[in-house]
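So the chains spell out like this:
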Amino acid sequence: MTVGQGNDRYLVISLARAGHHPHMAFRIREGKISAMTRSDLIAVLASRFPSLVAKDAEIAVKEILDAIGNALAQGDRVEIRGFGSFRLNYRQARTGRNPKSGEAVAVAAKYVPHFQPGKEMRERVEQSVKSAPLQRAA
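Residues numbered from 1 in each chain as written. Predicted model: local features only at pLDDT ≥ 70, side-chain atom pairs only at ≥ 80, totals over all residues. Heavy atoms only, no water.

Student: Can you help me understand the overall build of the protein in this one?
Tutor: Looking only at helices and strands, one finds three helices and nine strands in the protein. Helices and strands appear in the protein in the N-to-C order β-β-β-β-α-α-β-β-β-β-β-α. Looking at the protein as a whole, 20% of its 138 residues qualify as buried. Once local pairs closer than 6 in sequence are excluded, the contacts in the protein between residues at least 24 apart make up 31%. Carbon and sulfur atoms provide 54% of the accessible area of the protein, an area that totals close to 10,400 Å². (Helix = DSSP H or I, 4+ residues; strand = E, 2+ residues; numbered from the N terminus. Buried < 20%, exposed > 50% of the residue type's maximum accessible area, 1.4 Å probe, protein only. Contact = heavy atoms within 4.5 Å. Areas by Shrake-Rupley, 256 points an atom, 1.4 Å probe, with all protein chains shown as cover.)

Dropping the structure here:
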């Protein structure tokens, strides 16, 4: 199914499975697949569920992303079965370079969010790439 407005089109692929309704959505612009944004996710969600008002879809997406962000901010790990997990990686302090001047710059130690796709997600992506290689948008 393809949905969208103006020049943007979203290809929604249904991968029906017993008891589940997983969907993948890709933004198609000028014949190429590009990154999906928060707005794109809201648009696809609203079009997939006609009884869901776009504002409600926006609230749902915001709440889910906020919950993931809050859990990571508290140092927790977030796992979504069949999709993947989010956790924090520790990066040690290091010496970096200013790309403009080339001078050494001290980079402080920090924690950075990390996403690791689940087995089911990896397999779905691998199958979709094998069946139809994708071109990245510039």
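Student: What exactly am I supposed to notice about the side chain of Asp40 here?
Tutor: Inspection of the secondary structure assignment puts Asp40 in helix α1 (residues 38-48). Given the relative accessible area of 2%, Asp40 is considered buried.

Student: I would appreciate a short explanation of the packing of aromatic side chains in the present structure.
Tutor: To describe a pair of aromatic rings, you give the distance between the ring centres and the angle between the ring planes. In total, this model carries three aromatic pairs according to the counting rule given. Following the ring pairs from residue to residue traces out a cluster consisting of Phe83, Phe86 and Phe115. (Phe/Tyr/Trp six-rings, centres within 6.5 Å; stacked < 30°, edge-to-face > 60°.)

Student: Would you take a moment to explain the nonpolar core for this structure?
Tutor: The nonpolar side chains of a soluble globular protein tend to be buried with one another. The biggest cluster of nonpolar side chains holds five residues, and these are Ile68, Ala71, Leu72, Val78 and Phe86. Excluding its chain neighbours within four sequence positions, the residues that come into contact with Ala71 are Asp76 and Val78. (Core = buried A, V, L, I, M, F, W, Y, C linked by side-chain atoms within 4.5 Å.)

Student: Teacher, can you tell me more about the packing of α1 against helix α2 (residues 54-73) here?
Tutor: Helix packing geometry: the angle between the two helix axes and the distance between the axes. The N-to-C vectors of α1 and α2 enclose an angle of 130°; their axes lie 9 Å apart at closest approach. With respect to each other, α1 and α2 are oriented oblique. As α1 runs across α2, the sense of the crossing is right-handed. In this structure, α1 contributes Arg38, Leu41, Ile42, Leu45 and Ala46 to the contact, and α2 contributes Ala54, Ala57, Glu58, Val61, Lys62 and Leu65. Residue classes in the contact of α1 with α2 are distributed as eight nonpolar, no polar and three charged. (Axes fitted to C-alpha atoms, helices over the stretch in contact; angles between N-to-C directions. Parallel < 35°, antiparallel > 145°, perpendicular 65-115°, else oblique. Left-handed = near helix turned anticlockwise from the far one by under 90°. Nonpolar A, V, L, I, M, F, W, Y, C, P; charged D, E, K, R; others polar.)

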